[in-house]
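Next come the chains, spelled out residue by residue.
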Amino acid sequence: MGAMRIEKTIGAVDIGSFRISAMIAGLTADGELVVLGSGHRAAEGIRRGYVTDMDAATHAIRDAIERAERAADAQVESVWIGCGNAGLLSEIREIELEVGGRRIDQDDIEYLMNDAREQIIPPAGAPRVVLHAQPAHYILDGAHGVGNPRGLHAERLAVAVHVMEAETGPLRNLMEAVQNAHLNVEGVVGAGIATGHACLSEEERELGVAMVDFGAEVTHVSVHVGGVLVGMSVLAYGSGDITDAIASAFGVRRTQAERLKCVYGSAIASPTDHRERIPLGNVGERGGAESAETILRADLVAVINSQLARWTQDVAATLKSLGFVTGRGGNGRQIVLTGGGGELAGLADYMQQSLAKPVRTGAAPRMSGLPEAHATPGFASLSGLVLYAAADPLDIRTSAGGWQSASRFARMTLPARLMRAIREYF
């Protein structure tokens, strides 16, 4: 790794409600992404994606990035951060231009993009701010899916733009917590965008896929079609609510309940659960002595299942509202489960039975230098932030003048870049 020439260093901080994690990666001269160091710690001052204690959140962010810096033996001044919940809204907006049947040229594209910027970007001081404004594709006389309209004839030219907005106040709190940790904010990436980079293949995004990011206190449900995120919603329910239900049901501390869930818990019952007894307490946790109290594993699984039944109903209803219909005969194809809560044993199988759709567990792709502990679903959003920054997808708010290609935000290999260049310019 020491022989590699790093041309660009990327820092990322994923601010979750359970943990705050940081990663430092380097982009080599040949386009390879190398993880230089990463670290994480327990979250403080964050509740369901919102900053609730500025000082505590700032300290936790600073601690996480310092751990990553020590592992990387390098320092960063600016980072990309993920926005998990700040009143996020996601939708596709179409901006149209009358062409009059003539051939579309570069000026038409520039005019359309300028018009889109004016319509999409809210004025200063507005209660909401745009996080992403990415062109999905062009539309010629109602025909969708056009990647390059230049040189074609049409009466009307339109561009479909995926827009993600957040509430200004909560977003400013999130950014201020990072800035108070002596870091500049390079960019803010909305939920569903980063994890989509990490967990979804280009073919899945093209054909249509739903992604369920099961976090500690929130669940992000997103739908990707035609290579772009077309809808996203946030549920104020996470795997931590299952932990709370276990703690309440068996009268144990939350730390004990978390251990019961992770070590002995499962979303799928087995015939041996009614014969297996598991200990409730450890040394020093229940009255200062080791507890001999046990419970049936079947009772633990029953508590978990009762919570998951409610959760899957909410996920199914959310997917339906986003146009992704579950069940046999529905238009939805596949569901990808990720997030720390997605690591619960048997959860993918449970969802597949409940939603009657294929479900697989998604994690970040293997990257050079990525620790084994951070190659899990719980750290997918962190890896996705780095991958998003390296991909540098087109955004109409920051794009310069000139012809723009509405391209999907997939990571592209060198041959893919060459093929796209050939298609666009020859």
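Figured I'd write up the structure that's included with this text.

**A short note on the overall build of the protein**
Along the backbone of the protein there are 11 helices and 18 strands. Here the protein, with 426 residues, has 54% of them falling under the buried criterion. Taking contacts inside the protein between residues at least 6 apart in sequence as the whole, the part at least 24 apart equals 67%. In the structure as shown, the protein presents an accessible area of about 18900 Å², 49% of it carried by carbon and sulfur atoms.

**Some points on helix α7 (residues 254-264)**
Every buried residue of α7 is accounted for by Q256, A257, L260, K261 and Y264. Around the axis of α7, the buried residues are gathered within 140 degrees of arc, so they sit on the same side. Exposed and facing more than 90 degrees away from the buried side of α7 are T255, C262 and V263. Contact partners of the buried residues in α7: α6 (239-250), β15 (277-279) and α8 (297-321).

**Focus on the sheet that holds strand β8 (residues 128-140)**
Read across the sheet, four strands follow the order β7-β10-β8-β9 without closing on themselves; strand pairing throughout is antiparallel. Pairing within the sheet leaves two strands with one partner each, and these edge strands are β7 (89-98) and β9 (143-146). Direction aside, neighbouring strands of the sheet carry axes that sit 40 degrees apart on average. Where β8 and β9 come together, two bridges link them in antiparallel fashion. Each residue of the ladder has a partner; that of L140, found in β9, is A143. Against the sheet, helix α2 (residues 106-120) engages β7, β8 and β10 (156-167), with an angle of about 135 degrees to β7.

Cut-off values and rules
Residues numbered from 1 in each chain as written. Predicted model: local features only at pLDDT ≥ 70, side-chain atom pairs only at ≥ 80, totals over all residues. Heavy atoms only, no water. Helix = DSSP H or I, 4+ residues; strand = E, 2+ residues; numbered from the N terminus. Buried < 20%, exposed > 50% of the residue type's maximum accessible area, 1.4 Å probe, protein only. Contact = heavy atoms within 4.5 Å. Areas by Shrake-Rupley, 256 points an atom, 1.4 Å probe, with all protein chains shown as cover. Arc of directions from axis to C-beta. Pairing = 2+ DSSP bridges. Axes fitted to C-alpha atoms, helices over the stretch in contact; angles between N-to-C directions.

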